[in-house]
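Listed below, chain by chain, are the residues.
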Amino acid sequence: MTSEFFGKTAIISGAAGGIGLSLSYALAEQGMNIVMGDIDNIALDNAANGLREKGYNVLTCALDVTEFSQWEAIVSSAKEKFGKIHMVVNNAGVGGTPGKVEESEHETWRWVMDVNVMGVLFGAQACIPSIKEHGEGGWVLNVASMAGMMGMPYAGAYCASKAAVVSMTESWVAELHPFNIHTSVLCPAFVKTRIHESYRNRQEKYAVAPDKRINKEKLMAGAKAATQAVESGIPANMLAKRVIEALISKQTYIYTHPNYRKVTANRFKAIDGAFEDAEKSDVVGHLVNDDIVTF
Ligand SMILES: NC(=O)c1ccc[n+]([C@@H]2O[C@H](COP(=O)([O-])OP(=O)(O)OC[C@H]3O[C@@H](n4cnc5c(N)ncnc54)[C@H](O)[C@@H]3O)[C@@H](O)[C@H]2O)c1
């Protein structure tokens, strides 16, 4: 039986390595045309050559996801080469640098928020009109993280950015459903990639003035723990197989680490339990049976 992906076109951001590259292979194996975008042009060319050697249909485009004009350019090149776009994989993301909240560099927060949040918004905004236009439906796959499902000490920027991606996805699911566009959010725990070395592609516009930089020793302790966790992660090709399975069965939240269920269970229990405190409140308890506002 022909795959539902066969002959269709996917644009994947951050496709030069790690999860983005593994997803490029997995979707190409399903018969998709692959449009690979990345900020690292050399890594992108090497990565794309690997796919071409296997005979897959590939186009590469320089893409910094924080620049909307570059998203417009990749969409236009993809349509010129393959005719239509059916899927966007908003994968490009950066880990930031671990640090105490009161010591966090504003430039680092802006970098993490711009790449991880605005990059996802820009990708969706640039691609959705083209996915809607042919009426065949499609997919928006946003790559968040387990970090979007829980806060973590010293990683506020990364967690906040990934929580935003979960929330954006939840908002878009119902918006895009009438157009037969399936929207989902991928929430992996650790995967063996180069995420702990994200600073390698940090743009000049987010440079931190030397006198504002966090003390290197403090930085290294957090960075070492992150490196160990990432290096003990699952292989990216295992994640990619899981994503194909989940897309075929139209899952909205895509988990790759079922062992992390206790994390979300504890969080949701705490969130739900806090309503009991509000119900008992002398100030607002009387609102308990009022109608709620939904859209
Ligand atoms: N590796 C993990 O443990 C893990 C866990 C959960 C979520 N994630 C998420 O997976 C996604 C992919 O990360 P990865 O683990 O493969 O890391 P990675 O560093 O190996 O790959 C990220 C890719 O994104 C590219 N990139 C960085 N900034 C960019 C920009 N501004 N524009 C375009 N491309 C850019 C990099 O050049 C690189 O090719 C990220 O969103 C990350 O937050 C990773």
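Note: the structure precedes this text.
Okay, so let's go over this structure. (Residues numbered from 1 in each chain as written. Predicted model: local features only at pLDDT ≥ 70, side-chain atom pairs only at ≥ 80, totals over all residues. Heavy atoms only, no water.)

Describing the overall build of the protein chain
Scanning the protein chain from terminus to terminus reveals eight helices and seven strands. Here the protein chain has a C-alpha radius of gyration of 20 Å; the compact-globule value for 295 residues is 19 Å, and the two agree. When its C-alpha atoms are laid out on the principal axes, the protein chain stretches across 65 × 50 × 35 Å. Split into buried and exposed, the 295 residues of the protein chain put 45% on the buried side. Partitioning the intrachain contacts of the protein chain with sequence separation of at least 6 by distance along the chain shows that 73% fall at a separation of at least 24. Carbon and sulfur atoms make up 55% of the accessible area of the protein chain, which amounts to about 15600 Å² in all. Taking the average location of the 28 positive side-chain charges in the protein chain and that of its 32 negative ones, the two points are 6 Å from each other. (Helix = DSSP H or I, 4+ residues; strand = E, 2+ residues; numbered from the N terminus. Rg over C-alpha atoms; globule rule 2.2 N^0.38 Å. Buried < 20%, exposed > 50% of the residue type's maximum accessible area, 1.4 Å probe, protein only. Contact = heavy atoms within 4.5 Å. Areas by Shrake-Rupley, 256 points an atom, 1.4 Å probe, with all protein chains shown as cover. Lys, Arg positive; Asp, Glu negative; His and termini not counted. Charge placed at Lys NZ, Arg CZ, Asp CG, Glu CD.)

Looking at the packing of aromatic side chains
All told, the structure shown has three aromatic pairs when counted by the stated rule. Summarising the aromatic geometry, the rings of tyrosine 25 and tyrosine 56 are spaced 6.5 Å apart at their centres and angled 80° between planes, so their arrangement reads as edge-to-face. Linking tyrosine 25 in helix α1 (residues 18–29) with tyrosine 56 in the loop between α2 (41–53) and β3 (58–62), this pair joins segments that are 31 residues apart in sequence. Here tyrosine 25 falls in the partly exposed class, since its relative accessible area comes to 23%. Above the ring of phenylalanine 179, the side-chain terminus of lysine 132 is found at 4.1 Å from the ring centroid. (Phe/Tyr/Trp six-rings, centres within 6.5 Å; stacked < 30°, edge-to-face > 60°. Lys NZ or Arg CZ within 6 Å of the ring centre and 35° of its normal.)

Concerning α1
In a regular helix each residue adds 1.5 Å, so twelve residues correspond to 16 Å; α1 covers 17 Å between its end C-alpha atoms and thus fits that length. Taken as a whole, α1 has its buried residues at Ile19, Gly20, Leu21, Ser22, Leu23, Ser24, Ala26, Leu27 and Ala28. Of the surrounding secondary structure, the elements contacted by the buried residues of α1 are β1 (9–13), β2 (33–38), α2, β4 (87–90) and α7 (236–248). In the segment just after α1, glycine 31 is the residue with positive phi, at about 95°. (Expected span 1.5 Å × (residues − 1).)

Regarding the state of the cysteines
Tallied over the full model, the rule gives zero disulfides. In this model cysteine 61 remains outside any disulfide bridge; the closest cysteine sulfur is found in cysteine 127, 11 Å from its own. A relative accessible area of 0% places cysteine 127 in the buried class. (Disulfide = S-S within 2.5 Å.)

So, the side chain of aspartate 38
Relative to the assigned elements, aspartate 38 resides in strand β2. There is a polar contact of 3.0 Å between the side chain of aspartate 38 and the backbone nitrogen of alanine 16. One polar contact links the side chain of aspartate 38 to the main-chain amide nitrogen of aspartate 40, over a distance of 2.9 Å. Sequence-distant contacts of aspartate 38, defined by excluding residues within four places in its chain, comprise Gly14, Ala15, Ala16, Leu44, Cys61, Ala62 and Leu63. (Polar contact = N/O pair within 3.5 Å; in protein donor to acceptor, adjacent residues only side chain to side chain.)

Focus: the packing of α1 against α7
Contact geometry for α1 and α7: axes closest at 8 Å, N-to-C directions at 50°. One finds that α1 runs oblique with respect to α7. The handedness of the crossing between α1 and α7 comes out as right-handed. Across the interface between the two elements, Gly18, Ile19, Ser22, Leu23, Ala26 and Leu27 of α1 pack against Ala236, Asn237, Leu239, Ala240, Val243 and Ile244 of α7. (Axes fitted to C-alpha atoms, helices over the stretch in contact; angles between N-to-C directions. Parallel < 35°, antiparallel > 145°, perpendicular 65-115°, else oblique. Left-handed = near helix turned anticlockwise from the far one by under 90°.)

Structural notes on the layout of surface pockets
In this approach a probe as big as a water molecule rolls over the atoms, and the regions it shows empty are the leftover space. What the second largest pocket holds in volume is close to 230 Å³. At the level of secondary structure, the elements contributing two or more residues to the lining of the second largest pocket comprise β5 (138–143) and β6 (181–187). The element that contributes the greatest number of residues to the lining of the second largest pocket is β6, accounting for three residues. Split into classes, the residues belonging to the lining of the second largest pocket amount to three nonpolar, seven polar and four charged. (1 Å grid on protein atoms, 1.4 Å probe; cavity = no way out; pocket = protein on both sides within 12 Å on 5 of 7 lines; lining within 4 Å. Points joined across faces, edges and corners; volume = space filled by probe spheres on them. Nonpolar A, V, L, I, M, F, W, Y, C, P; charged D, E, K, R; others polar.)

Some details on the environment of valine 112
Position of valine 112 relative to the elements: it lies in helix α4 (residues 106–133). Residue classification places valine 112 among the buried positions, given a relative accessible area of 0%. For the pair valine 112 and threonine 60, spaced 52 residues apart in sequence, the C-alpha separation works out to 24 Å. Apart from the residues lying within four places of it in its own chain, the contact partners of valine 112 are Val94, Gly96, Val117, Ala157, Tyr158 and Ser161.

Describing the packing of α1 against α2
One way to put it is that α1 packs onto α2 with a least axis distance of 11 Å and a crossing angle of 20°. Taken as axis vectors, α1 and α2 run roughly parallel relative to one another. Both α1 and α2 take part in a crossing whose hand is right-handed. Contacts between α1 and α2 involve Leu21, Ser24, Tyr25 and Ala28 from the first element and Ala47, Gly50 and Leu51 from the second. Here the residues of the contact of α1 with α2 are counted per class, giving five nonpolar, two polar and no charged.

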